[in-house]
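Understanding the architecture of this molecule
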Amino acid sequence: MKIFLDTADLSEIRRAADATLIDGITTNPSLMAKTAGNRDPKEIYREICDIVDGPVSAEVVGTNKETMLTEGRKLAQIHDNIVVKLPLTEEGLKACRALTDEGTPTNVTLCFSVSQALLAAKAGATFVSPFVGRIDDISGEGMQLIHQIRQVYDNYGFETQILAASLRHPQHVVESMLIGADAGTMPPKVLWMLAKHPLTDQGLEAFLADWATLGAEI
Ligand code: G3P
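Conventions adopted
Throughout, a residue's number is its position along its own chain's written sequence, starting from 1. Totals for whole chains, interfaces and linings use every residue, but because this is a predicted model, local features are given only for residues with pLDDT of at least 70 and side-chain atom pairs only at 80 or more, for both listing and counting. As a rule here, side-chain values cover all heavy atoms of the structure and leave hydrogens and water aside. Numbering of helices and strands runs from the N terminus; a helix is a DSSP stretch of H or I covering at least four residues, while a strand is a stretch of E covering at least two. Contacts are assigned to residue pairs with any non-hydrogen atoms lying within 4.5 Å of each other. Only the protein chains shown count as covering a residue, and every accessible area follows the Shrake-Rupley method with a 1.4 Å probe. Axis definition: a line fit to C-alpha positions, over the contact stretch in the case of helices; interaxial angles, taken between N-to-C directions, run 0 to 180 degrees. What sets the label is the angle itself: under 35 degrees gives roughly parallel, over 145 gives roughly antiparallel, 65 to 115 gives roughly perpendicular, and the rest give oblique. Throughout, the ten residues Ala, Val, Leu, Ile, Met, Phe, Trp, Tyr, Cys and Pro are labelled nonpolar, Asp, Glu, Lys and Arg are labelled charged, and all others, Gly among them, are labelled polar. What is meant by a nonpolar core is a set of buried Ala, Val, Leu, Ile, Met, Phe, Trp, Tyr and Cys residues, joined one to another through side-chain atoms within 4.5 Å. Think of it in three bands: residues with accessible area under 20% of the maximum for their type are buried, residues over 50% are exposed, and the middle band is partly exposed, with areas taken using a 1.4 Å probe on protein chains only. What a helix should span is 1.5 Å times the count of its residues minus one. Here a residue is considered near a molecule or strand provided that any single heavy atom belonging to it is located within 4 Å of it. Counted as a polar contact is a pair of N or O atoms within 3.5 Å, where, for protein atoms, one must be capable of donating a hydrogen and the other of accepting one, and residues adjacent in sequence contribute only when both atoms are in side chains. Any Phe, Tyr or Trp ring, taking Trp's six-membered ring, that has another such ring centre within 6.5 Å forms a pair; planes under 30 degrees apart are called stacked, those over 60 apart edge-to-face, and the others tilted.

Brief notes about the overall build of the chain
When its secondary structure is counted, the chain shows 11 helices and eight strands. With respect to the three principal axes, the spread of C-alpha positions in the chain is 70 × 40 × 30 Å. In the chain, once contacts between residues fewer than 6 apart in sequence are set aside, the share between residues at least 24 apart is 55%. When the accessible surface of the chain is split by element, carbon and sulfur atoms take 53% of a total near 11400 Å².

Listed below in structure tokens is the structure:
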């Protein structure tokens with residue numbers, strides 16, 4: 001499963017990229033608003049693409065097909081790795097088809113149902129982003145959606161990649177992997193939580209203490 005970092009925070013992106021742990025980046029207008037300050041978001045996308053050699057999702061904010069296309073084309077010009085993120089609406093699906101036909105990769109976002117995911121695939125989306133955590137937030141079963149989309153895409157051989165999104169904790173990531181999501185996007189905090197285990201910490205502490213009794217160097 002590809003690991004994408006869900007942030008526009010350049011220092012977090014650098015940290016994860018330095019560790020060569022991430023395959024790409026996803027952003028959304030809220031994440032950009034959190035970190036951009038006075039900077040032009042387009043410059044930030046460019047900087048992210050210089051740091052990470054992989055897909056970088058940049059979202060349109062227009063609500064009709066033509067505006068989405070204009071914005072999507074502008075975003076795609078920033079760098080070859082830009083993936084144009086579009087909302088799962090009728091207009092977003094039409095823009096997705098047009099951008100796909102132009103050879104521009106797309107990520108259809110705000111997906112909350114299997115029927116929506118079916119239409120994203122029919123529109124030729126490169127990625128579909130089902131929001132697991134936000135379904136859990138309203139007492140739904142977010143992970144069930146990933147299961148069902150996987151089954152539908154496999155039943156019919158759709159090539160759209162399932163990008164499990166709104167992953168809030170390591171168990172979301174593990175379950176996405178077990179189901180066979182193609183990618184998962186997570187906040188930096190969740191990425192680093194994946195590495196943590198109390199038995200690793202305890203084991204390391206004991207190894208170091210025992211080694212210290214030798215008074216030796218490697
Ligand atoms: O980028 C989309 C998605 O991952 C947002 O997550 O935590 O805001 O629901 P969240």
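Moving on from the model shown.
Some words on the environment of I146
Note on placement: I146 falls in helix α8 (residues 142–156). Placed 15 residues apart in sequence, I146 and F131 show a C-alpha to C-alpha distance of 9.1 Å. The residues contacting I146, other than those within four sequence positions of it, are P130, V132, I162, A164, I179 and A181.

A few points about the packing of helix α1 (residues 10–18) against helix α3 (residues 41–51)
One can describe the packing of α1 onto α3 by two numbers: an axis separation of 10 Å at closest approach and a directional angle of 10 degrees. In this view, α1 runs roughly parallel relative to α3, as classed from their interaxial angle. From α1, L10, I13, R14 and A17 reach across to α3, where they touch I44, E47, I48 and I51. Looking at the contact of α1 with α3 residue by residue, the classes come out as six nonpolar, no polar and two charged.

Focus on the environment of T7
Mapping T7 onto the fold places it in the loop between β1 (2–6) and α1. Residues T7 and M32 lie 25 residues apart in sequence; the distance between their C-alpha atoms is 7.7 Å.

Some remarks on the nonpolar core
I22, I25, I82, L86, I146 and Y153 are the most contacted members of the largest nonpolar core, which has 57 residues in total. Ranked by the residues each element gives to this core, the list is headed by α8, at six residues. Listed in part, the five residues of the second largest apolar core include V83, F127, L163 and A183.

Let's talk about α8
It helps to recall that an α-helix has 3.6 residues per turn; residues three or four apart then point in one direction. A rise of 1.5 Å per residue sets the reference length of α8, with its 15 residues, at 21 Å; its end C-alpha atoms lie 22 Å apart and thus fit the reference within 8%. Restricting attention to buried positions, one finds in α8 the residues G142, M143, L145, I146, I149, R150, V152 and Y153. Contacts from the buried residues of α8 go to β5 (106–111), α6 (114–122), β6 (127–130), α7 (132–137), β7 (161–164) and α9 (170–179). Trailing α8 by a residue or two, G157 shows a phi angle of about 70 degrees, which is positive.

Brief notes about the site of the ligand
Around the ligand, the neighbouring residues are D6, N28, K85, F131, R134, A165, S166 and R168. Here an oxygen atom of the ligand and a side-chain polar atom of R134 are 2.6 Å apart. At a separation of 2.8 Å, an oxygen atom of the ligand approaches a polar side-chain atom of R168. In the complex, the protein chains occlude 84% of the 310 Å² of accessible area that the ligand would expose alone.

A word on the packing of aromatic side chains
Evaluated as defined, the whole model comprises four aromatic pairs. Both rings, one in Y153 and one in F158, keep their centres 5.7 Å apart while their planes meet at 70 degrees; by these two values the pair is edge-to-face. A centroid spacing of 6.3 Å and a plane angle of 45 degrees characterise the contact between Y156 and F158, whose relative ring orientation is tilted. These aromatic residues form a ring-pair network of at least three members: Y153, Y156 and F158.

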